[in-house]
Amino acid sequence: ESLLLAQVYETSAKEAGAEPDEKLRRKMQQWFSGLNQAQLPHACQQRGLAGKVHGLEGAPRLALSMATCRARLCHFERYWHFQKSSPVRLNGLIAAPHLNGAAATCVCWDLGAGRWKVRLEDGNIKAVRQENMILDETRAAAAAQAAGKAAAAGRTSESNGTTDPAVLVAAAKAASAAAAAAAAAMPPAPPTAAIA
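Since we're looking at a predicted model, the values are computed, not measured.

What counts, and at which threshold
Residue numbers restart at each chain and count upward from 1, following the sequence in its written direction. Confidence filtering applies because this is a predicted model: local features only for residues at pLDDT of at least 70, side-chain atom pairs given and counted only at 80 or more, and all residues used for totals across whole chains, interfaces and linings. Here the side-chain values reflect all heavy atoms present in the structure, with hydrogen atoms and water set aside. What counts as a ring pair is set by centres within 6.5 Å for rings of Phe, Tyr and Trp (its six-membered ring), and what kind of pair is set by the plane angle: stacked under 30 degrees, edge-to-face over 60, tilted for all other angles. Buried residues are those whose accessible area, probed at 1.4 Å on protein chains only, stays under 20% of the maximum for their type, while exposed residues exceed 50% and partly exposed ones sit between those limits. The rule for a salt bridge is simple: a side-chain nitrogen of Lys or Arg has to be within 4 Å of a carboxyl oxygen of Asp or Glu. Each helix is a run of DSSP H or I of at least 4 residues and each strand a run of E of at least 2, with the numbering of both proceeding from the N terminus. Joining through side-chain atoms within 4.5 Å is the link that ties buried Ala, Val, Leu, Ile, Met, Phe, Trp, Tyr and Cys residues into a set, and such a set is a nonpolar core. Contact between two residues is taken to exist if any of their heavy atoms lie within 4.5 Å; hydrogens are not considered.

J.: Describe the packing of aromatic side chains, naming the residues involved and giving the relevant values.
T.: Evaluated as defined, the whole model comprises one aromatic pair. Note on W109 and W116: the rings are 5.9 Å apart at their centroids and 70° apart in plane angle, and the pair reads as edge-to-face. When its relative accessible area of 6% is taken as the criterion, W116 is described as buried.

J.: Tell me about the pattern of salt bridges, residues and numbers included.
T.: In the structure shown here, the tally under the stated rule is four salt bridges. Measuring nitrogen to oxygen at the nearest pair gives 3.2 Å for the salt bridge that ties D136 to R89. With D136 in the loop between β7 (133-135) and α6 (137-159) and R89 in strand β3 (residues 87-90), the pair connects residues that are 47 residues apart, well separated along the chain. By relative accessible area, which is 35% here, R89 ends up partly exposed. The partner of R139 in a salt bridge is D136, and the shortest N-O contact between them spans 3.6 Å. As far as burial versus exposure is concerned, R139 and D136 are alike and both buried. In the salt-bridge network here, residues are joined through shared partners; they are R89, D136 and R139.

J.: Tell me about the nonpolar core, and name the residues and values.
T.: If you look at the biggest cluster of nonpolar residues, it comprises 14 residues, and the most contacted ones within it are F82, V88, L90, C106, V118 and M133. Secondary-structure elements contributing two or more residues to this core are β3, β4 (103-110), β5 (115-120) and β7. Examining the composition of this core, we find that three residues originate from one element, β5, more than from any other. With residues near it in sequence (within four places) discarded, V118 still touches V88, L90, A104, T105, C106, V107, N124, I125, K126, V128 and M133. Of all hydrophobic cores here, the second largest spans 13 residues; its members include A16, W31, L73 and C74.

Written out as structure tokens, the structure reads:
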């Protein structure tokens with residue numbers, strides 16, 4: 001719902017190339033590659049971003065320009081790049097430069113403000129524009145690895161047919177710890193403050 005209601009901004013090749021988040025930069029730059037131009041309408045249609053206009057024979061045909069397809073695809077990539085519980089680093093903040101480089105975790109998207117609410121390591125919640133966040137690959141990989149180990153421990157006890165309560169409790173605790181690490185749970189936060 002938020003993807004449909006959020007305003008779609010034109011993104012230039014220069015802006016896509018200057019994106020500080022390397023992973024997002026690669027995702028967006030693919031839509032500016034000369035090799036992918038013919039794929040833009042199809043990529044939009046696959047993601048449900050195209051809409052349809054019916055021709056004379058009633059057959060659906062695409063009605064979007066290449067520039068519109070590119071703008072929608074870049075918006076799509078930016079929108080789905082972060083999710084709840086994504087570990088991020090703040091970057092490019094002007095109003096609060098002391099927070100640049102700070103580790104945080106995405107809490108929720110505030111549609112009205114057009115910003116992510118992020119929880120800093122000290123527990124404070126800040127409203128931050130998506131452009132001022134970089135996915136923290138190191139923390140994301142560590143959380144995924146912990147979750148994988150917990151899942152493997154659970155599968156091992158299931159495959160052994162273990163019904164020993166101590167083993168099952170240990171596996172449940174490991175899964176719970178991994179989920180907590182993946183969510184990067186932090187202490188409760190004071191009221192939200194918006195920053196640029």
